[in-house]
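# Structural characterization, general
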Amino acid sequence: MNVILLTQDNGKIIGWITRLLGKVMDIIFNFIDTVGLPNVGLAIILFTIIINLLMLPLTMKQQKFSKLNAKINPEIQAIRDKYKGKTDQQSAMAQNQEIQMVYAKYGVSPTGSCVQLLIQMPILFALYRVIASIPAYVMKMKDAFMVLAGKIVNTDGGKFILESDVSTIQNTVRMYGQHMTEGNLENGIIDVLYKLSSTDMGIVAEHYGLSGLEYQGQLILSNEVTTGLIDTYNSFLGLNIGNAPSYIVKNAIAAGAWGLVIGAIMIPVLSALTQWISVKLMPQQNNNNKSSEESAMESSLKTMNVVMPFISAWFCYTMPCGLGIYWIAGSIVRSIIQIFSNKHFDRMDMDELVKKNEEKSAKKLEKMKQQQEMMAAYANMNTKKIQSKAGYTNNYTGSSNDNSSNTTEASTANTTAKAKPGSMMAKANMVKDYNERNNKN
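Residues numbered from 1 in each chain as written. Predicted model: local features only at pLDDT ≥ 70, side-chain atom pairs only at ≥ 80, totals over all residues. Heavy atoms only, no water.

### Some remarks on a nonpolar patch on the surface
On the surface, a nonpolar cluster with roughly 670 Å² of combined accessible area is contributed by Ile262, Ile265, Met266, Val269, Leu270, Leu273, Trp276 and Ile277. Considering the arrangement of structural elements, one finds Trp276 in helix H14 (residues 258-281). (Patch = residues over 30% accessible without salt bridge, like charges linked within 9 Å, V, L, I, M, F, W, Y side chains within 5 Å. Areas by Shrake-Rupley, 256 points an atom, 1.4 Å probe, with all protein chains shown as cover. Salt bridge = Lys/Arg side-chain N within 4 Å of Asp/Glu carboxyl O. Helix = DSSP H or I, 4+ residues; strand = E, 2+ residues; numbered from the N terminus.)

### Details of the packing of helix H13 (residues 245-255) against H14
Here H13 crosses H14 at 160 degrees, and the two axes come no closer than 8 Å. On the basis of their axis angle, the class for H13 and H14 is roughly antiparallel. Relative to H14, H13 is oriented so that their crossing is left-handed. Seen from H13, the contacting residues are Pro245, Ile248, Val249, Ala252 and Ile253; seen from H14, they are Trp258, Leu260, Val261, Ala264, Ile265, Ile267 and Pro268. Its residues assigned to classes, the contact of H13 with H14 comprises 12 nonpolar, no polar and no charged. (Axes fitted to C-alpha atoms, helices over the stretch in contact; angles between N-to-C directions. Parallel < 35°, antiparallel > 145°, perpendicular 65-115°, else oblique. Left-handed = near helix turned anticlockwise from the far one by under 90°. Contact = heavy atoms within 4.5 Å. Nonpolar A, V, L, I, M, F, W, Y, C, P; charged D, E, K, R; others polar.)

### Remarks on the pattern of salt bridges
Counted according to the given criterion, the structure contains three salt bridges. Linking Lys82 and Glu98 is a salt bridge whose minimum nitrogen-to-oxygen distance equals 3.1 Å. Residue Lys82 is located in helix H3 (residues 56-82), and its partner Glu98 is located in helix H4 (residues 89-106); the two are separated by 16 residues in the primary sequence. Between Lys142 and Asp143 there is a salt bridge whose closest N-O contact spans 2.9 Å. Both residues of the pair, Lys142 and Asp143, belong to the buried class. (Buried < 20%, exposed > 50% of the residue type's maximum accessible area, 1.4 Å probe, protein only.)

### Focus on the confidence of the model for the protein
On average, residues of the protein score 76 in pLDDT, and 70% of them are at 70 or above. No element of the protein has a lower mean pLDDT than helix H18 (residues 398-418), which averages 49, and none a higher one than helix H6 (residues 139-156), which averages 91. Below a pLDDT of 50 lies the segment residues 1-6, which in the model reaches 17 contacts outside its immediate sequence neighbourhood of four places, other chains included. A low-confidence stretch, residues 392-401 (pLDDT under 50), is modelled with three contacts involving residues beyond four sequence positions or located in other chains. (pLDDT = per-residue confidence, 0-100.)

Shown next, in the form of structure tokens:
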């Protein structure tokens, strides 16, 4: 069975993730088809649950970082207050070292939250690509649409679709018909057909005589008597997930089908509500121990969290219902995970956590101290070179010079002894010794 490669996402960054997730979606759809429930809406819900569960380790790490921030931020702010107003290099390095020591004590990375988000973002983009182009990844949907595309290609090569004077068909071709205009007719036609509303699909079906076409003994498109295969796949609680709620509401009002009106409006409403609940369940941090920059960022984030549910509601009202089902399912799953993670981290003994990290953090702290000593030695060495070039002379007594020399040599010997042979620190010590010998000469 051939895959429509050209309608799949072939991007270098997230293309392979999209194809992998597409295979997961295909497996889920085949499973529910086997048990007699061939429905894209149900497949999207199960798909969203499975992907969120697979991402659970990343989610928990991000939640742990957010929860520990309540403990970490006061200590970090105290360090910043300690060095407030000090702009010299040594103070800046000392402040950075102490902040790193705090993170090491709690066993988290200062970039931990960002890393989790960077890993999750391509996955989220890939999820949207799969859901937006189901026939490219679900083979049963692809095969059904391929029958329609073959009939259209054999009739006029898609000329009627490309030259249609119906504005909504024109818009669909402009947005999703790239492969048609590039000559990949069957792939491009499937892209367009999947995005057409029921009314526009009816216009195309009437022109090309698609109504009587079958796939595996079943009608592909619905008629007045029989529900077609595509509508069976796309029907979810009475709604065609290929249509936007705005389209459903408009046509349902005209037909007096008020149940469909309510069902269509519930998609954007539930999307906004579940997203708002998901945000509210997230750990809230105290701004009292944050810098002005962090407080401003936190305030902007809160504003975004208030605005985003309304934005998602608008998108879900104007875009196919499948997207709204995905957002609702995702928000519900995240809310459930958040409830359990909140309970888990609320029971966490911070003292026990710090104790577990003692051995690990001790090694990190020792390494940080060594790096700090090396950086201070280099800064001191560079200062001496600048002073030497400027014609400065040492006015200290000989005994003082001897003591300074002895101290430097002892420090160098101590640092060198701690460095592993062949390591970067050992090589840095060799460079340092060489420069010091040249300075003496």
